[in-house]
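Understanding the architecture of this molecule
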Amino acid sequence: MSELIEGKPGQRYLLMGNQAIARGALEAGVSVAAGYPGTPSSEIIENLAKVADEANMYVEWSSNEKVAAEVAAAASFAGLRSLCVMKQNGVNVASDFLLHLVGGGTRGGMVIVPCDDPGALSSINEGESRHFARMLEIPLLEPGDFQEAKDMVKWAFELSEQIGNLVMLRSVTRLSHASGSVKLGALPENRPRARFRHGGFVLDPQEGAVTSAPVAYKHVLQQEKLEKAESLFEDCPFNTYTGPENPELLVITSSACNLYCREAIEILGVSDRAGLLKLGTTWPLPKKLIRTHLENCSKVLVVEEVIPFLEENLKVLAAELAMEIGPRTIFAKRDKTIPSVGEMNPDYVIAALVKIFDLSYEAAPADYVEKAGLCVMAGAPGRDLTFCPGCPHRASYWTLHNVLALDNRDGFICGDIGCYSLGMRETGYYALKTMHAMGSGTGLASGFGKLDQFGMDQPIVAVSGDSTFFHSVIPALVNAVHYNADITLVVFDNSGTAMTGFQPHPGLEVDAMGHDAPSIDIESVCRAVGAQTTVCDPFDMELTRDILLEKITGKNGVQVLIFKQSCALSPEKKGKPRYEMHLDENICIGENCGCNKLCTRVFKCPGLNWDEKNQHARIDEVICAGCGVCASVCPTGAITKKERA
Amino acid sequence: MTAAANLLSDPFNLVITGVGGQGNVLASRVLGSMLTQKGYSVTIGETFGASQRGGSVMSHLRISSKGTWSPQIPKGRAHVVVSLEPTEALRVLYEYGNPDVYVLCNTRPVHSIAVISGQFKYPEQDELRQWIRDLSAKAWFLEATGAAMAMGNAIFANIMMIGALSAADILPVDKDTFKDAVSNMMAADKVSVNCDAFARGADMLLAEGISGA
């Protein structure tokens, strides 16, 4: 997106929240940015990487989020402004380093941007990062719209330098992955030089060595920094109030919920009764500002996602102020006015306001909704997620599932994080039986693999993607080899971080900025740590089946099998089908064939359809990606493939 | 940048829906960019990531002369639904529809794995059209995927539907705005074929008649 750097200051552009954050970092003169891909955060680093050369930046996709935080911190220690970016889970990974970082403080401005995913639209949890700000005792900022997503980044860097510590700016899916109009600011010209100064007095925050020790002394300093941030928050331009001077109800909110609250108040026409206090600074809360607003109103509604973070911090303040200003009624999550899980939307806020103000509201006429509901039930069959046509994972899981069934000792697969997590569901033949954090599949397998002394005799398989392998599988693999766990690790190497949009990883010969980079070969790593390693093509189903069967049968310590086949959406494959597929309607005899519709009923590639009228399968020419795998699945040879010219 | 003309409603709420892989996100960004050029403030809410993998994908566009709106349209408040797949239109109407909504629907089905495996039956075309007509004030049914395949690639159906929308007299967008928008977003060699797809979509809607089916 050239607008990111070529856009004219003062002009408005339609920017995705993540682009706005990236532009904000550029306007702040950021020098280094590091992150690990994860929805909904990925476009921040992606966009910065694209303009890195022009903007004289260094941008990387780090091997995991802890490393990203360390790379960004090094830049800060050397006096540069740095950004680290991750999805909510990444903060868990980075937190060990972060806790030590914030004890010692930062030099050049450093901002961490976690993008949370309320409602888990692209995650398997909706855990959030805001509580880390409280745990780490650092300031927390939350933009309330797209313009703020840009503007607050610059403010965050200034704040970080004012207090000498890390600042967290939290986004959510509905900001990061939504787009809105943003007025650009100017890009700075000058670039600082990097120098790590370490020769000064040991306790000098700018000249000495950096560390969180001596802890008692540094912790006091850290809390003083937080107090300074709180005092700056009292006049922060991103805390805004709209509404009457003495509202019947004070709505307090932050982040994307700001837009939902604004709209709900407008739709219900209650702007003369409800005031909206939108907070851009949510930890620590600016006490004087909150007090001014609480003094004017006895009833409060808190709207936020996901955990009752703002609610609880506000209640602490309300309790502290109660003797002076009297008790306040607070409607929020704990009293169930607002749902305690999932993402918010304007309708939840409407429902809360309707309840508090005793109003009535109908989103659409009841008879319309009823009729539409019946039509959906009758006419819109469920659309479960599935692997793309041509996806190597479908072939891989077909083989894994069949081999475990052939082996017949109740073997199972420990899952991991990526597109292949869908192996938990129908599209992967329910092959995965555990699913946790990045790298946990191999760690769990390592543990299962030592339970033979307690009589466990089931074959144990772990799966991992190529990017996940570098992120956090290596330590678990080393553990499994060292303790001689009997497991098979299958690495689905599809040549990129596919789930999040093909970001490069250390296994590729290119880096985030598009420069040549030395690649780390997964096969060599596995061999070097002592695992018996084989590489095969999952599209060669017969050979893959035989190798896998042999691997899981014996007690052989750690076996690694690398399934090498590029993602169907990878730049080298997308739109270029390898085979022309043909289905001979005379050979496919449908219900009368012993296969019982194996290709559509069981294999279920979206590129195949069942022709109900004529009772045979057919290839959907719009959807088929020409991978040729279904030709291996059809037992009668009705499906054939022909190499395209 | 021209001054924003009056909208039929402000904010004007439009949903583009379809299945992962149909180019929904690109369509919403092209349309958003066209309307931004016209001086409107556009807010787009999207879901993508896991939802790309064969799931339902929906983009919400809020078009306004007043400023930024929620990236999620409140329930029952869509003014137009552009559907790249017919059953997805029903799903969206259930949540965001109302008796005054307009629907532009690509008629080509994309079977979900529940249909492919035989657990559910995909509805008949006539039935589907009748339901969509019953749930809308105006509906247009266009064989966009078929026309796109005739142009050489099914993916153009998304741009055809935006072209169709431009001809429906609902929003102030035309082929010139489209050309400007895609020239900024796409490689130069793709602009002309996308302009053809846009024009083809507009023709298809006009052939159906401006008052819908």
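Residues numbered from 1 in each chain as written. Chains lettered and ligands numbered in written order. Predicted model: local features only at pLDDT ≥ 70, side-chain atom pairs only at ≥ 80, totals over all residues. Heavy atoms only, no water.

**Quick notes on the packing of aromatic side chains**
Residue and element names in this part refer to chain A. According to the stated counting rule, one finds 14 aromatic pairs over all chains in the structure shown. Chaining the aromatic ring pairs together yields one cluster made of F387, Y397, Y420, F492 and F563. When the ring centre of F357 is taken as reference, the NZ or CZ atom of R273 above it lies at 4.2 Å. Geometry around Y579 places K641 over its ring, the cationic atom sitting 4.7 Å from the centre. (Phe/Tyr/Trp six-rings, centres within 6.5 Å; stacked < 30°, edge-to-face > 60°. Lys NZ or Arg CZ within 6 Å of the ring centre and 35° of its normal.)

**Remarks on the interface of chain B and chain A**
Facing 65 residues of chain B, the contacting portion of chain A comprises 65 residues. Taken together, both faces of the contact between chain B and chain A bury some 5,400 Å²; the carbon and sulfur share is 60%. Across the chain B-chain A interface, the total number found is four salt bridges. With a shortest N-O distance of 3.3 Å, A:R383 and B:E85 are connected by a salt bridge. For the pair chain B and chain A, the interface holds 21 residue pairs in polar contact (both at pLDDT 80 or more). Looking at the side of chain B that touches chain A, the elements with two or more residues in it are α1 (24–37), β2 (41–46), β3 (56–64), α2 (86–96), α3 (113–116), α4 (125–134) and α5 (144–150) of chain B. Of the residues belonging to the side of chain B that touches chain A, the class tally is 28 nonpolar, 24 polar and 13 charged. (Contact = heavy atoms within 4.5 Å. Buried area = accessible area lost by both parts, 1.4 Å probe. Salt bridge = Lys/Arg side-chain N within 4 Å of Asp/Glu carboxyl O. Polar contact = N/O pair within 3.5 Å; in protein donor to acceptor, adjacent residues only side chain to side chain. Helix = DSSP H or I, 4+ residues; strand = E, 2+ residues; numbered from the N terminus. Nonpolar A, V, L, I, M, F, W, Y, C, P; charged D, E, K, R; others polar.)

**Concerning the sheet that holds strand β4 (residues 80–83) of chain B**
In spatial order, the strands read β1(A)-β9(A)-β2(B)-β3(B)-β1(B)-β4(B)-β5(B)-β6(B); together these eight strands make up an open sheet with mixed pairing. Each having just a single partner strand, β1 (12–16) of chain A together with β6 (138–142) of chain B make up the two edges of the open sheet. Averaged over all neighbouring strand pairs, the angle between strand axes comes to 20°, with direction disregarded. Both β1(A) and strand β9 (residues 178–183) of chain A contribute to a ladder of five bridges, which runs antiparallel. Bridge pairing in β9(A) links A:L15 to A:G180. (Pairing = 2+ DSSP bridges. Axes fitted to C-alpha atoms, helices over the stretch in contact; angles between N-to-C directions.)

**Some points on the sheet that holds strand β21 (residues 558–564) of chain A**
All names here are of chain A. Strand order in the open sheet formed by six strands is β17-β16-β18-β19-β21-β20, and the pairing between neighbours is parallel. Two strands lie at the open edges of the sheet, namely β17 (432–434) and β20 (532–536), each paired on one side alone. The mean inter-strand angle of the sheet, taken between neighbouring strand axes irrespective of direction, is 30°. Two strands pair when backbone bridges link them, and strand β16 (residues 412–414) and β17 are joined in this way by two bridges, in the parallel orientation. Residue C414 lies in a different strand from β17, and its bridge partner there is T434.

**A few points about unusual backbone geometry**
With an omega dihedral of 10°, the bond running from A:E305 to A:V306 counts as a cis peptide bond. You can see A:V306 is positioned in the loop between β14 (299–303) and α12 (309–325). Look at the link from B:D10 to B:P11: it is a cis peptide, with omega at 5°. Within the secondary structure, B:P11 sits in the segment before β1 (12–19). Unusually for a residue other than glycine, A:D410 sits at a positive phi of about 65°. If you trace the backbone, A:D410 turns up in the loop between α15 (392–407) and β16.

**A few points about the domain arrangement of chain A**
Residues and elements named next belong to chain A. Domains assigned within chain A are domain 1 (3–233), domain 2 (240–357), domain 3 (392–564) and domain 4 (579–643). Taken over C-alpha atoms, the centre of domain 1 sits 27 Å from the centre of domain 2. The interface of domain 1 with domain 2 comprises 28 residues on the first partner and 28 residues on the second. Counting the contacts that link domain 1 with domain 2 gives three salt bridges. Residue E148 is joined to K278 by a salt bridge in which the shortest nitrogen-to-oxygen separation is 2.7 Å. Residue assignment for the side of domain 1 that touches domain 2 shows that the elements contributing at least two residues are α6 (130–136), β6 (140–141), α7 (146–163), α8 (173–176) and α9 (215–233). (Domains from an automatic or database assignment.)

**Side note on helix α4 (residues 65–77) of chain A**
Residues and elements named next belong to chain A. Between its terminal C-alpha atoms α4 stretches 18 Å, which fits the 18 Å expected from 13 residues at 1.5 Å a residue. Every buried residue of α4 is accounted for by E65, A68, A69, A72, A73, A75, S76 and F77. Taking the backbone nitrogen of K66 as reference, a side-chain oxygen 3.0 Å away marks N64 as the first, capping residue of α4. The first or second residue beyond α4 is G79, which carries a positive phi of 90°. (Expected span 1.5 Å × (residues − 1). Buried < 20%, exposed > 50% of the residue type's maximum accessible area, 1.4 Å probe, protein only.)

**Details of the environment of A:P284**
Residue and element names in this part refer to chain A. Mapped onto the elements of the fold, P284 is located in the loop between β13 (281–283) and α11 (287–295). Assessed through its relative accessible area of 7%, P284 is described here as buried. When residues no more than four places from it in sequence are discounted, the contact partners of P284 are P139, L226, E230 and F233.

**Focus on the environment of A:K604**
Inspection of the secondary structure puts A:K604 in the loop between α20 (598–603) and β23 (608–611). Separated by 218 residues in sequence, A:K604 and A:T386 have C-alpha atoms that sit 9.0 Å apart. Those residues in contact with A:K604 that sit more than four places away from it in its chain are A:R394, A:E426, A:C599, B:I113, B:I116 and B:S117. A distance of 3.4 Å separates a polar side-chain atom of A:K604 from the backbone oxygen of A:R601.

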